[in-house]
Amino acid sequence: MLRKLLLGAALALSPLAQADIIIGQSVPTTGLVANTGKALALGASLYFSRVNANGGINGEPINHLVRDDGYDPKRTIANTRDLIDKEGAIALVSYYGTATMTELEKSKVLDNAGIALVGVHSGADVLRAPSSSLFVFHTRASYRQEVDRIVNLLAGNLGVTRIGVIAQQDGYGQAGYGALKDALAKRNLTLAGEAWYDRNTGDTGKAAKELAKANPEAVVLITVSKPAATFVKQFRAAGGTAQLYGLSPIQFEEVIQTVGKKEAHGLGISEVLPYPRNEQLRFVREFQQDAAAVLRNGDVPSYAVMEGYLSARLVVEALKRAGKSPTRSAVYNGLTSLKRYDLGGFIIDFGDKKRTGSNFVELTMISPTGTLTR
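Treat the numbers as computed from the prediction; the structure is a model and nothing was measured.

Calculation rules
- Residues numbered from 1 in each chain as written.
- Predicted model: local features only at pLDDT ≥ 70, side-chain atom pairs only at ≥ 80, totals over all residues.
- Heavy atoms only, no water.
- Pairing = 2+ DSSP bridges.
- Helix = DSSP H or I, 4+ residues; strand = E, 2+ residues; numbered from the N terminus.
- Contact = heavy atoms within 4.5 Å.
- Axes fitted to C-alpha atoms, helices over the stretch in contact; angles between N-to-C directions.
- Parallel < 35°, antiparallel > 145°, perpendicular 65-115°, else oblique.
- Nonpolar A, V, L, I, M, F, W, Y, C, P; charged D, E, K, R; others polar.
- Salt bridge = Lys/Arg side-chain N within 4 Å of Asp/Glu carboxyl O.
- Buried < 20%, exposed > 50% of the residue type's maximum accessible area, 1.4 Å probe, protein only.

A look at the sheet that holds strand β5 (residues 136-137)
Two modes of strand pairing occur in sheets, parallel and antiparallel, and in both the strands are linked by backbone hydrogen bonds.
Argument step 1. Judged by pairing direction, the sheet is parallel, and its five strands sit side by side in the order β2-β1-β3-β4-β5 without closing on themselves. Two strands bound the open sheet, and with one partner strand each, they are β2 (62-68) and β5.
Argument step 2. Relative to strand β4 (residues 117-121), strand β3 (residues 91-96) runs parallel, the two sharing four bridges. In the sheet register, Tyr96 faces β4, and the bridge partner there is His121.
Argument step 3. The strands touched by helix α4 (residues 98-107) within the sheet are β3, β4 and β5, with β3 carrying the most contacts at an inclination of about 140 degrees.

Notes on the packing of helix α12 (residues 282-292) against helix α13 (residues 303-321)
Argument step 1. It is the contact of α12 with α13, at a shortest axis distance of 11 Å, that shows an interaxial angle of 105 degrees. The angle between the axes of α12 and α13 places the two elements in the roughly perpendicular class. The residues of α13 that touch α12, namely those facing Phe283, Val284, Glu286, Phe287 and Asp290, are Val305, Met306, Tyr309, Leu310 and Arg313.
Argument step 2. Of the residues belonging to the contact of α12 with α13, the class tally is seven nonpolar, no polar and three charged.

A closer look at the pattern of salt bridges
Argument step 1. Evaluated as defined, the whole model comprises 17 salt bridges.
Argument step 2. Between Arg144 and Asp182 there is a salt bridge, with the nearest N and O atoms lying 2.9 Å from each other. A residue pair is termed long-range when its members are at least 10 positions apart, and Arg144 in helix α6 (residues 143-157) and Asp182 in helix α7 (residues 171-185) qualify at 38 residues.
Argument step 3. A relative accessible area of 27% means that Arg144 is categorised as partly exposed.
Argument step 4. Asp148 is paired through a salt bridge with Lys186; the nearest N and O atoms lie 3.7 Å apart. On the criterion of sequence distance, the pair formed by Asp148 in helix α6 and Lys186 in the loop between α7 and β7 (194-197) is long-range, its members being 38 residues apart.

See below:
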């Protein structure tokens, strides 16, 4: 009781003094991509809960604060300022989106506070350029790496030369679109059709008709989950017969939930994390164990849940390396010391000033039973 009173007095005196270790997160829990945002938050909470159940960090519990930004860059910036200035967060975890992160980096909020953000659900080059913030630690391969893998399969292995694209009208769409054009140019190919859809409405109807009419052999989907699902259904209904491949922001479970297994079957997706059912990896086994306690019977832990979980594990490791009274700078230094850090079959490397910790890319496809083949 005395300790609690003393801590309460300290909190009253200083907004940055804290009884708990505050880790902040801003993700969309409402709107078009709410399911992915919620999954990222759930994944982080799974690991933080495990740590707290085992006594926290040096006896202090982790307080994981999640704020909804609705996929709106302005709200992302406002949430982040609130988490830093009002809540006293010493690290941030698992944010969502290219557009939101682009504006957050421009605002210099992270740099001015000297606070690390671990994990961004985006593979855009603009967030990985030499001018990007050193306080952002990426846990996934880039969209350029994903696109190269897809084009190599289509053009290199299967002899497909007529490749089209549907892209979201924002920074994410532009990043993937640019990467695709570059990958095709390397093979002396050009786009066989392109279409765009509005990021706010997610309406893919017009794009589906345009690409079905263009009749490419394959279409790359630079979309998020629900627009991917509606596009697949609309494209097939319009007579489109192309092979369809999407990038990792597409959550295959949400595609199936939206249009059903029959329509979703055959959609290829590049993934930047190990398959959540691959129990050969210790990292995946531990993830499944921590997820089992909160997921309903029959639910399969998703890639997005795993992504949030991964980021939380890295934050906790950095906290352990930060000493008995962790500060923002100590957590940052802890992250930079993670050189070829093996989580159990999955390696993150932030050594030598790297800020992209993984280059892992794997191609998958939705099977008739609603699972992924690899």
